[in-house]
Amino acid sequence: AQSVSQHNHHVILSEAASLELGCNYSYGGTVNLFWYVQYPGQHLQLLLKYFSGDPLVKGIKGFEAEFIKSKFSFNLRKPSVQWSDTAEYFCAVSPYGSGNTGKLIFGQGTTLQVKP
Amino acid sequence: EAQVTQNPRYLITVTGKKLTVTCSQNMNHEYMSWYRQDPGLGLRQIYYSMNVEVTDKGDVPEGYKVSRKEKRNFPLILESPSPNQTSLYFCASSSAGTSGYEQYFGPGTRLTVT
């Protein structure tokens, strides 16, 4: 079965620290990849997405992610976090190809807490 | 403004009392989905719709119904809610187009079933 795994469930960082959140997926075909962020009490917002081309994608608020096809990974990074980055982060995969329903498969989420 | 709206935002109900959560999008998207979010489990798809009158089960469809009579609306129906359906529900819409099925989410409906 297709699945998405986020390695870190709860991350605590100090401001200005670097961030890397791991995401691996299990699907052998072509995929579209996403990172969503959910700030406290809010709905999910798209941080960045990968469809094709350059495997290093840049998103909003200084976030970036690298798609490594051989590792089935799509890790999220930010060089220097801010207190306002405190949120829950979700990796998601949309399997591509025939029968595509626009379905998103989500990881379990990673709660990031940034201490001022 | 492009958006997905859900109503109500908060709902407390009792076991067995039928309820409907509405979802509407104004982006002319073909695809619409319902997800539930539970701690430690991320978001799981309940039902999805590829277009008007075309719906199918997601990963956790038990206890839910949906309908898609109009392109913009995709209501979620709980005919006989139970406490294990207490959760945060999100509606989402997407389009095949150039967005690669990027999904736009509604603000969420927090449901409590006692």
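Residue positions within a chain follow its written sequence, with the count starting from 1. Following the order in which they are written, the chains are lettered starting with A and the ligands numbered starting with 1. Residues qualify for local features only when their pLDDT is at least 70, as the model is predicted, and side-chain atom pairs are given and counted only at 80 or more; totals for whole chains, interfaces and linings, by contrast, use all residues. To obtain the side-chain values, all non-hydrogen atoms of the structure were used and water was disregarded.

A.B. asks: Looking at this structure, I do not really get the overall build of chain B. What am I missing?
C.D. replies: Elements are defined by DSSP. Helices are runs of H or I of four residues or more, strands are runs of E of two residues or more, and each kind is numbered from the N terminus. Looking only at helices and strands, chain B features zero helices and eleven strands. For chain B, the N- to C-terminal ordering of α and β elements is β-β-β-β-β-β-β-β-β-β-β. Rg of the C-alpha trace for chain B: 13 Å, near the compact-globule value of 13 Å for 114 residues, within the 12% margin. Projected onto its principal axes, the C-alpha coordinates of chain B cover approximately 45 × 30 × 25 Å. Working definition: with a 1.4 Å probe on protein chains only, accessible area under 20% of the residue-type maximum means buried, over 50% means exposed, and in between means partly exposed. Per-residue burial for chain B yields a buried fraction of 53% across its 114 residues. Carbon together with sulfur atoms contributes 50% to the accessible area of chain B, which is approximately 5300 Å² in total. Residues counted as positive are Lys and Arg, residues counted as negative are Asp and Glu, and His and the chain ends are not counted. Where a charge sits is defined by one atom per residue type, namely NZ (Lys), CZ (Arg), CG (Asp) or CD (Glu). A gap of 7 Å separates the mean positions of the 12 positive and 10 negative side-chain charges of chain B. As a reference, a globule follows 2.2 Å times the number of residues to the power 0.38, and the radius of gyration itself is taken over C-alpha atoms. Throughout, the Shrake-Rupley method with a 1.4 Å probe supplies accessible areas, and for residues the shown protein chains are the sole cover considered.

A.B. asks: In this structure, what is going on with the overall build of chain A? I would like to understand it.
C.D. replies: The helix and strand inventory of chain A stands at zero helices and twelve strands. In sequence order, the secondary structure elements of chain A are arranged as β-β-β-β-β-β-β-β-β-β-β-β. Here chain A has a C-alpha radius of gyration of 14 Å; the compact-globule value for 116 residues is 13 Å, and the two agree. Whether two residues are in contact is decided by their heavy atoms, any of which lying within 4.5 Å being enough. Long-range contacts, defined here as pairs at least 24 residues apart, represent 55% of the contacts in chain A between residues at least 6 apart. For chain A, the computed accessible surface area is about 5400 Å², with 53% contributed by carbon and sulfur atoms. Computed over 9 positive and 7 negative side-chain charges, the separation of the two mean positions in chain A equals 5 Å.

A.B. asks: What exactly am I supposed to notice about the interface of chain B and chain A here?
C.D. replies: The extent of an interface is frequently quoted as the accessible surface area lost upon association of the parts. In this complex, chain B contributes 23 residues to the contact, which on the side of chain A involves 21 residues. Counting the surface lost from both chain B and chain A, the interface buries some 1700 Å², and carbon and sulfur atoms represent 56% of this. Salt bridge, as applied in this entry: a Lys or Arg side-chain nitrogen positioned within 4 Å of an Asp or Glu carboxyl oxygen. Our count for the contact surface shared by chain B and chain A stands at zero salt bridges. As used in this structure description, the phrase polar contact means that two N or O atoms lie within 3.5 Å; if the pair is within protein, one of them must be able to donate a hydrogen and the other to accept it, and residues adjacent in sequence are counted only when both atoms belong to side chains. Remark: the boundary between chain B and chain A carries four residue pairs in polar contact (both at pLDDT 80 or more). Elements with a contribution of two residues or more to the side of chain B that touches chain A: β4 (31-38), β5 (42-51) and β9 (87-94) of chain B. Tallying contributions element by element places β5 of chain B first for the side of chain B that touches chain A, with five residues. Under the grouping applied here, Gly and all other residues not named as nonpolar or charged are polar, the nonpolar ones being Ala, Val, Leu, Ile, Met, Phe, Trp, Tyr, Cys and Pro and the charged ones Asp, Glu, Lys and Arg. Looking at side-chain class alone, the side of chain B that touches chain A contains eleven nonpolar, ten polar and two charged residues. Here's the idea: put two parts together, see how much 1.4 Å probe accessible area each one loses, and the total over both is what we call buried area.

A.B. asks: Got a minute to help me understand the sheet that holds strand β7 (residues 65-66) of chain B in this structure?
C.D. replies: Two pairing modes exist for strands in a sheet, parallel and antiparallel, and in both the strands are linked by backbone hydrogen bonds. Residues and elements named next belong to chain B. Being paired, for any two strands, means DSSP has found at least two bridges between them. Taken together, the four strands give an open sheet; going across it, the order is β1-β3-β8-β7, and neighbouring strands pair in antiparallel fashion. Strands at the two margins of the open sheet, each flanked by one partner only, are β1 (4-7) and β7. In the sheet, β7 pairs with strand β8 (residues 76-78) via two bridges, with the strands oriented antiparallel. Paired with Lys65 across the two strands is Ile77, which belongs to β8.

A.B. asks: Looking at this structure, I do not really get the state of the cysteines. What am I missing?
C.D. replies: Here, two cysteine sulfur atoms that lie within 2.5 Å of each other are counted as a disulfide. The final tally for this structure, using the stated rule, is two disulfides over all chains. Each sulfur in the disulfide pair Cys23 of chain A and Cys91 of chain A lies 1.9 Å from the other. Its torsion about the S-S bond being -70°, the disulfide of Cys23 of chain A and Cys91 of chain A is classed as left-handed. Taken as a pair, Cys23 of chain A in strand β4 (residues 23-26) and Cys91 of chain A in strand β10 (residues 87-95) lie far apart in primary sequence, 68 residues in all. Using a relative accessible area of 0% as the deciding quantity, one classes Cys23 of chain A as buried. Residue class for Cys91 of chain A comes out buried when judged on its relative accessible area of 0%. The residue that forms a disulfide with Cys23 of chain B is Cys91 of chain B, at a sulfur-sulfur distance of 1.8 Å. Between Cys23 of chain B and Cys91 of chain B, the disulfide has an S-S torsion of -70° and is therefore left-handed. Of the two residues, Cys23 of chain B sits in strand β3 (residues 19-25) while Cys91 of chain B sits in strand β9, which places them 68 residues apart along the sequence. Residue classification places Cys23 of chain B among the buried positions, given a relative accessible area of 3%.

A.B. asks: Can you help me understand the pairing of strand β6 (residues 45-50) of chain A in this one?
C.D. replies: Consecutive side chains of a regular strand alternate in pointing toward one face of the sheet and then the other. All names here are of chain A. Pairing of strand β5 (residues 31-38) with β6 involves five bridges; the strand directions are antiparallel. Paired with Phe34 across the bridge in β6 is Lys49. Between β5 and β6, which pair antiparallel and follow one another directly, the connecting turn spans six residues, one of which, Gly41, has a positive phi of 75°.

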